[in-house]
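Below are the chains, spelled out letter by letter.
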Amino acid sequence: MRRRGPPKRRPTPRQRAWWSSARFRDIGRQTCLRINASRRAAVKCGARKKSDGEPCRNLPLANGKCRLHGGATPSGKNWHRPTFARADTPAGAAKLDRKLSDLRERTKRLMDRRAAMTPEEAARYAAWQRTHQPGSAGGRAAARSEAAQIRAIREILARPEPVTRSDEAAAIDAMLATLERRLAEIQQPATPAGNGDVFA
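The notes below deal with the structure included here. Computed from a predicted structure; not experimentally measured. (Residues numbered from 1 in each chain as written. Predicted model: local features only at pLDDT ≥ 70, side-chain atom pairs only at ≥ 80, totals over all residues. Heavy atoms only, no water.)

1. Some points on the overall build of the chain
Then comes step 1: The helix and strand tally for the chain stands at six helices and zero strands.
Then comes step 2: Reading the chain from its N end, one meets helices and strands in the order α-α-α-α-α-α.
Then comes step 3: Expressed as a percentage of the 200 residues in the chain, the buried residues total 5%.
Then comes step 4: Looking at the chain alone, contacts between residues at least 24 apart form 9% of all its contacts between residues at least 6 apart.
Then comes step 5: Accessible area for the chain stands at about 18,400 Å²; split by element, carbon and sulfur atoms hold 57% of it. (Helix = DSSP H or I, 4+ residues; strand = E, 2+ residues; numbered from the N terminus. Buried < 20%, exposed > 50% of the residue type's maximum accessible area, 1.4 Å probe, protein only. Contact = heavy atoms within 4.5 Å. Areas by Shrake-Rupley, 256 points an atom, 1.4 Å probe, with all protein chains shown as cover.)

2. Structural notes on the packing of aromatic side chains
Then comes step 1: Here the structure, examined in full by the defined rule, presents two aromatic pairs.
Then comes step 2: Judged by centre distance (5.6 Å) and plane angle (75 degrees), the ring pair of W18 and F24 falls under edge-to-face.
Then comes step 3: With relative accessibility at 33%, the residue F24 sits in the partly exposed group.
Then comes step 4: Centre to centre, the rings of Y125 and W128 are 6.5 Å apart; their planes meet at 15 degrees, and the pair counts as stacked. Of this pair, Y125 and W128 both sit in helix α4 (residues 119–131), three residues apart, roughly one helical turn. (Phe/Tyr/Trp six-rings, centres within 6.5 Å; stacked < 30°, edge-to-face > 60°.)

3. Section: a nonpolar patch on the surface
Then comes step 1: A cluster of nonpolar residues, W18, W19, F24 and I27, forms a patch on the protein surface that exposes about 390 Å² of accessible area.
Then comes step 2: If you list the elements that add at least two residues to the nonpolar patch, you get α1 (13–19) and α2 (22–41).
Then comes step 3: Take W19: it is sitting in helix α1.
Then comes step 4: Using a relative accessible area of 44% as the deciding quantity, one classes W19 as partly exposed. (Patch = residues over 30% accessible without salt bridge, like charges linked within 9 Å, V, L, I, M, F, W, Y side chains within 5 Å. Salt bridge = Lys/Arg side-chain N within 4 Å of Asp/Glu carboxyl O.)

This is a description of form; function is not addressed.
Right, dumping it as structure tokens:
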């Protein structure tokens, strides 16, 4: 296989000596430090990351978002809705044409797939659409967790409350039992003389 482009030139001994010198390494180190400092001080994208919810720290493009977030992707319940470019420039018109063409092809593939479904597959697909609402995976998981918590709370509230006695009621019962026992001891007749006991 032939290599494309001009042939690669081998470095000269002078170039190899310069690349391995301490001065060259110091220039590279200072350049890296200067670039990193300017990168840390620059404005960041700021979009919320899906992984941990923290703000994105990548450098933004002209629209204020980084190359990963872009700023044109809908969020929340509109994530599945397509967005269209402005057609006021030749590049925007070409991008809009490509987007419309892709959307038509995607719609045709979906309609062909649904037309080829059996009634059982169509019923399962309709049931899946009812249970899978649009939104992010994290939002759907949070909604499921909240629904499970609500169901658990409703089940707890529907249970009959057990009759439990408080500590104060138990203490009062103990005091009443003690008083009744002492009253019974007082009401008993005295023993004959010489026994030495005051109470029976």
